[in-house]
Amino acid sequence: MKGITRKFLRVNLSNGKIGEEAIPEQVETDFIGGRGFGIHYLYRELVPKSDPLGEHNKLIFVAGPLAGTTAQAVSRWMVYTKSPLTGALARSVSGADFGAWIKFAGYEFILVEGKAERPAYIHLTRDTCRIEPADELWGKDTAATQEWLTRRHGLNTRAACIGPGGENLVKYAAIVTHRRTASRCGVGAVMGSKNLKAIAINAERNLQLYDPEGFKKLVKQQIQTMMANKAFQYHREMGTTGNPENTSELGIFPTKNFRYGRLDDYEKITGDEYLKHRIGQFGCYSCAARCGKIHHVTKGLYAGAQSEGPEYESIWAFSGPIENSSLEATIAADQLCDDLGIDTISTGNTIGFAYELYEKGLLTKKDTDGLELKYGNHKAMVELVKKIARREGIGDLLAEGTMRVAEKIGKGAEAFAINAKGLELPAYEPRGSKSLGFNYATSNIGGSHSYGYATQEVLGASFPRRVDRFAEEENADIVIFNQNNVAVGEVGIACAFSRGWFPQVYDKLLIAATGIDKIAERGYLMHVGEKIVNLERAFIVREGFGRKQDTLPQRMLTEPLHTRGSPGEGQMIRNLDKFLDRYYELRGWTPEGIPSSEKLEELGLGYMTKDMAQYHHIKAT
Amino acid sequence: MSVRIEIPPLLRHHTNGVITAEVKGSTVGECLNSFAKQYPGTRKRLFDKNGKLLRYVEIYVNGETSYPKELARQVNDGDEISIVYLISGG
Ligand code: SF4
């Protein structure tokens with residue numbers, strides 16, 4: 001007997017019903033927690049082909065099994081839902097304290113369903129849960145919303161909320177807590193569609209661990225390992241701001257809507273330049289890294305702008321796409337995105353796309369409310385961020401994301417839309433970092449780097465082996481390893497930035513927290529990671545995705561990359577089909593990209609064989 | 001003493017695409033200096049102005065970190081040195 005019960009909270013906004021449910025022991029063993037629970041419950045509960053912005057979509061806020069403990073860098077949280085941007089799966093990860101607070105309230109996750117008639121927020125304590133009116137909050141930005149909730153419910157309140165972006169159903173709206181965001185795949189729009197402004201939790205530290213004494217010792221070991229780790233020290237010092245220089249020198253910092261591999265003057269946006277604007281730092285619950293670096297602008301056009309960040313992706317989002325090297329403009333745009341509640345990556349990418357449409361004459365000043373979308377014009381970029389979140393003028397169109405904008409404009413615009421499955425590509429050029437590129441193509445959420453980050457290509461890691469970053473089908477095993485391995489880390493929602501301690505204590509911490517002995521079996525965690533990716537695949541297959549959608553933007557397949565002197569000049573994706581054949585074969589999927597019955601059986605997902613069998617006849621077109 | 005250096009993607013631009021190098025030295029520092037002599041473009045991506053290893057570079061010898069000894073760490077004939085950049089992605 002494990003002696004602890006893990007449970008979740010179900011809140012139905014349509015009928016006001018609220019109730020706790022226990023997580024069956026078998027589900028715990030099979031999925032452990034975090035991302036495992038997210039996809040297990042979403043797959044089970046969501047009626048296939050539901051409208052992502054309709055009443056039937058479900059929204060799951062998941063904490064990991066280690067959240068709220070004294071263990072370091074494990075209190076992040078994630079959102080699972082069906083994405084309104086892509087129609088596929090949404091998995092979106094965030095930080096700050098909210099994950100710990102979900103656990104303090106007594107739950108592994110909160111499952112929200114239905115739709116409130118009027119703007120509402122959920123107020124949760126250890127003993128009560130109420131759906132409260134949020135008319136007064138509607139229209140407020142994310143900072144003002146959190147301030148209001150803290151004033152109303154006390155300093156011990158932590159909230160995850162949407163801003164105007166989510167209310168206006170911007171297809172890539174974010175959910176924000178403190179100034180950290182679950183930003184990808186439009187999860188904030190799902191919240192907005194349910195008229196749900198926020199979830200506010202009041203709780204104090206209160207956790208049940210399977211083996212508290214053992215856990216304490218392991219945390220000590222974790223901290224010692226972490227402190228002795230040079231990577232941890234550097235991350236603590238710089239956060240991710242050191243990366244632009246690295247990726248520019250690798251020629252993989254996407255520039256001018258993914259035509260070039262670096263800015264001409266990338267020396268202006270290095271970590272050391274950001275350091276000149278740094279005024280403080282912020283960390284997630286129980287994490288000594290405090291990697292959120294706070295930047296402030298003191299003079300010039302953007303004087304007063306201040307942001308926790310920008311981190312690497314946001315630095316890129318507001319520099320590379322429009323070829324901007326003004327840090328001040330980047331900081332201002334980043335701040336606006338967090339306040340208004342929209343994803344920096346999709347916002348920056350979509351703006352870069354709009355600039356190219358303008359260059360090609362597919363958008364004119366008449367369409368852009370008089371804004372001149374010329375590369376380098378950062379003032380227009382900052383204006384567009386506001387317009388998108390408020391769906392004003394051209395912003396209403398751009399709020400739909402690159403895939404839909406291209407469809408609406410036509411005339412060949414899709415050639416410049418840089419997304420995979422509709423999710424805008426992030427800050428790594430797929431032609432110069434091909435395992436990351438093929439990860440974008442095959443990821444079950446679309447163009448996400450974090451779904452299968454290729455440390456081997458970007459940082460030179462040699463585990464599980466060294467790779468040639470320009471190789472293609474030869475690296476299919478690496479793409480699979482990276483995707484499964486990320487899923488392993490996310491059953492405990494361990495932060496991807498702080499992993500020096502990982503091999504030594506991660507599995508032991510999970511066992512001490514949950515009592516699931518099976519985790520100690522050799523290869524079990526990797527098995528669960530693979531199972532999660534397969535279940536996520538099954539989810540999107542059910543939504544109509546298959547081989548045809550496992551692709552990359554036309555530009556990557558037909559145009560050579562220009563790196564402006566960095567390595568990789570002239571690279572393109574040579575043979576996507578050959579890669580997919582090998583990837584599916586190694587995954588144990590059909591040539592159409594559908595998990596085979598044998599693979600499902602092997603992963604203990606045999607109960608889904610019938611579900612998947614109806615798709616096996618589908619042929620790739 | 002002959003030691004093999006595995007060259008990470010970031011430095012290959014300075015080594016004409018070469019991915020491993022044989023160097024001589026009895027410490028990590030001697031080996032890296034000999035490597036930087038062979039490929040001068042790599043020096044500023046390994047050492048700071050005072051010749052210290054950059055704060056975002058980690059050296060592994062046969063898969064084990066050389067931190068905190070770093071450049072002073074002894075090496076043996078046939079050892080393999082890997083250079084890893086500690087920059088966080090995101
Ligand atoms: S390393 Fe940074 S993002 Fe990760 S948990 Fe710590 S503070 Fe949060």
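Residues numbered from 1 in each chain as written. Chains lettered and ligands numbered in written order. Predicted model: local features only at pLDDT ≥ 70, side-chain atom pairs only at ≥ 80, totals over all residues. Heavy atoms only, no water.

Here we look at the pattern of salt bridges
Residues and elements named next belong to chain A.
- This structure, assessed with the given rule, holds 59 salt bridges over all chains.
- For R6, the salt bridge identified is with E28, shortest N-O distance 3.1 Å. Pair noted here: R6 is in the segment before β1 (7-12) and E28 is in helix α1 (residues 25-31), with a separation of 22 residues, a long-range link.
- Residue E28 is classed as buried on the basis of its relative accessible area, which comes to 2%.
- Taking the shortest distance from any N to any O, the salt bridge between R10 and E21 comes out at 2.6 Å. With R10 in strand β1 and E21 in strand β2 (residues 18-22), this pair connects stretches of sequence that are 11 residues apart.
- If you follow the salt bridges from partner to partner, you end up with R10, E21, R44, E45, K58 and E113 in one network. (Salt bridge = Lys/Arg side-chain N within 4 Å of Asp/Glu carboxyl O. Helix = DSSP H or I, 4+ residues; strand = E, 2+ residues; numbered from the N terminus. Buried < 20%, exposed > 50% of the residue type's maximum accessible area, 1.4 Å probe, protein only.)

Describing the site of the ligand
Residue and element names in this part refer to chain A.
- Contacts to the ligand come from A73, R76, R180, H235, G283, C284, C287, A289, R290, C291, C495 and F497.
- Broken down by class, the residue content of the shell around the ligand amounts to seven nonpolar, two polar and three charged.
- Looking at the shell around the ligand, you find at least three residues from each of domain 1 (7-202) and domain 2 (260-423). (Near = heavy atom within 4 Å. Nonpolar A, V, L, I, M, F, W, Y, C, P; charged D, E, K, R; others polar. Domains from an automatic or database assignment.)

Focus on the sheet that holds strand β14 (residues 292-296) of chain A
Residue and element names in this part refer to chain A.
- Spatially, the three strands line up as an open sheet ordered β13-β14-β15, and their pairing is antiparallel. One side of each edge strand has no neighbouring strand; the edge strands of this open sheet are β13 (278-282) and β15 (306-308). Averaged over all neighbouring strand pairs, the angle between strand axes comes to 15 degrees, with direction disregarded.
- With two bridges joining them, β14 and β15 adopt antiparallel strand pairing. (Pairing = 2+ DSSP bridges. Axes fitted to C-alpha atoms, helices over the stretch in contact; angles between N-to-C directions.)

Side note on the nonpolar core
- In terms of nonpolar packing, the biggest core is built from 219 residues, with A:F61, A:I110, A:I175, A:I201, A:Y506, B:F35 and B:I83 touching the most fellow members.
- At 10 residues, helix α21 (residues 524-542) of chain A tops the list of elements feeding residues into this core.
- Excluding its chain neighbours within four sequence positions, the residues that come into contact with A:I110 are A:L9, A:V11, A:L59, A:I60, A:F61, A:I102, A:L124, A:I199 and A:I201.
- Among the nonpolar cores identified, the runner-up in size contains nine residues, and A:W148, A:A159, A:A198 and A:A200 belong to it. (Core = buried A, V, L, I, M, F, W, Y, C linked by side-chain atoms within 4.5 Å. Contact = heavy atoms within 4.5 Å.)

Here we look at the environment of A:S325
Residue and element names in this part refer to chain A.
- Within the secondary structure, S325 is located in the loop between α11 (312-317) and α12 (327-340).
- Distance in space between the C-alpha atoms of S325 and L59 is 38 Å, their sequence separation being 266 residues.
- A polar contact of 2.8 Å, which involves the side chain of S325, links it to the side chain of D265. (Polar contact = N/O pair within 3.5 Å; in protein donor to acceptor, adjacent residues only side chain to side chain.)

Comments concerning the interface of chain B and chain A
- The interface of chain B with chain A comprises 25 residues on the first partner and 34 residues on the second.
- With both sides pooled, the region where chain B packs onto chain A buries about 2,400 Å², and carbon together with sulfur makes up 52% of that total.
- At the junction of chain B with chain A, the criterion picks out six salt bridges.
- The partner of A:E237 in a salt bridge is B:R55, with the nearest N and O atoms 2.5 Å apart.
- Applying the counting rule to chain B against chain A returns 11 residue pairs in polar contact (both at pLDDT 80 or more).
- Counting residues per element, the side of chain B that touches chain A draws most heavily on strand β5 (residues 80-85) of chain B, at four residues.
- Tallied by class, the residues present in the side of chain B that touches chain A amount to 13 nonpolar, five polar and seven charged. (Buried area = accessible area lost by both parts, 1.4 Å probe.)

Re the sheet that holds strand β3 (residues 59-63) of chain A
All names here are of chain A.
- Read from one edge to the other, the open sheet built from six strands follows the order β2-β1-β6-β3-β4-β5, with strand pairing classed as mixed. Because the sheet does not close on itself, it has two edges, and the strands there are β2 and β5 (89-94). The mean inter-strand angle of the sheet, taken between neighbouring strand axes irrespective of direction, is 20 degrees.

Focus: the packing of aromatic side chains
Residues and elements named next belong to chain A.
- With the rule as written, the count across this model stands at 28 aromatic pairs over all chains.
- Pairing Y41 with F109 gives two aromatic rings, centres 4.9 Å apart and planes at 50 degrees, and the pair type is tilted. Of this pair, Y41 sits in helix α2 (residues 35-45) while F109 is found in strand β6 (residues 109-113), placing the two residues 68 residues apart along the sequence. In terms of burial, Y41 and F109 fall into one category: buried.
- An aromatic cluster of at least three residues, connected via ring pairs, comprises F438, F579, Y583, Y584 and W589.
- Positioned over the ring face of Y451 is R35, at 4.9 Å from the centre of the ring.
- Its guanidinium or amino end placed over the ring of F416, K360 lies 4.8 Å from that ring's centre, counting from NZ or CZ. (Phe/Tyr/Trp six-rings, centres within 6.5 Å; stacked < 30°, edge-to-face > 60°. Lys NZ or Arg CZ within 6 Å of the ring centre and 35° of its normal.)

So, unusual backbone geometry
Residue and element names in this part refer to chain A.
- Cis geometry marks the peptide bond from F463 to P464; its omega dihedral reads 0 degrees.
- Tracing the backbone through its elements, the reader meets P464 in the loop between α18 (455-458) and α19 (476-491).
- In this model, H178 sits at a positive phi of 55 degrees, which is unusual for a non-glycine residue.
- Mapped onto the fold, H178 is located in the loop between β10 (175-177) and β11 (180-182).
- Here the phi dihedral of R391 falls at roughly 55 degrees; this positive angle occurs in a residue that is not glycine.
- You can see R391 is positioned in the loop between α14 (378-390) and α15 (394-398).

Describing the domain arrangement of chain A
All names here are of chain A.
- Taken domain by domain, chain A comprises domain 1 (7-202), domain 2 (260-423) and domain 3 (434-499 + 521-613).
- On the side of domain 3, 25 residues touch domain 2, which itself brings 18 residues to the contact.
- Of all residues in domain 2, Y260, R262 and K421 give up the largest surface area on contact with domain 3, accounting jointly for 39% of the area buried on that side.
- Run the count over domain 2 and domain 3 and you get four salt bridges.
- Remark: the boundary between domain 2 and domain 3 carries 10 residue pairs in polar contact (both at pLDDT 80 or more).
- Only α13 (344-359) and β16 (419-420) provide two or more residues apiece to the side of domain 2 that touches domain 3.
- Residue classes in the side of domain 2 that touches domain 3 are distributed as 10 nonpolar, two polar and six charged.

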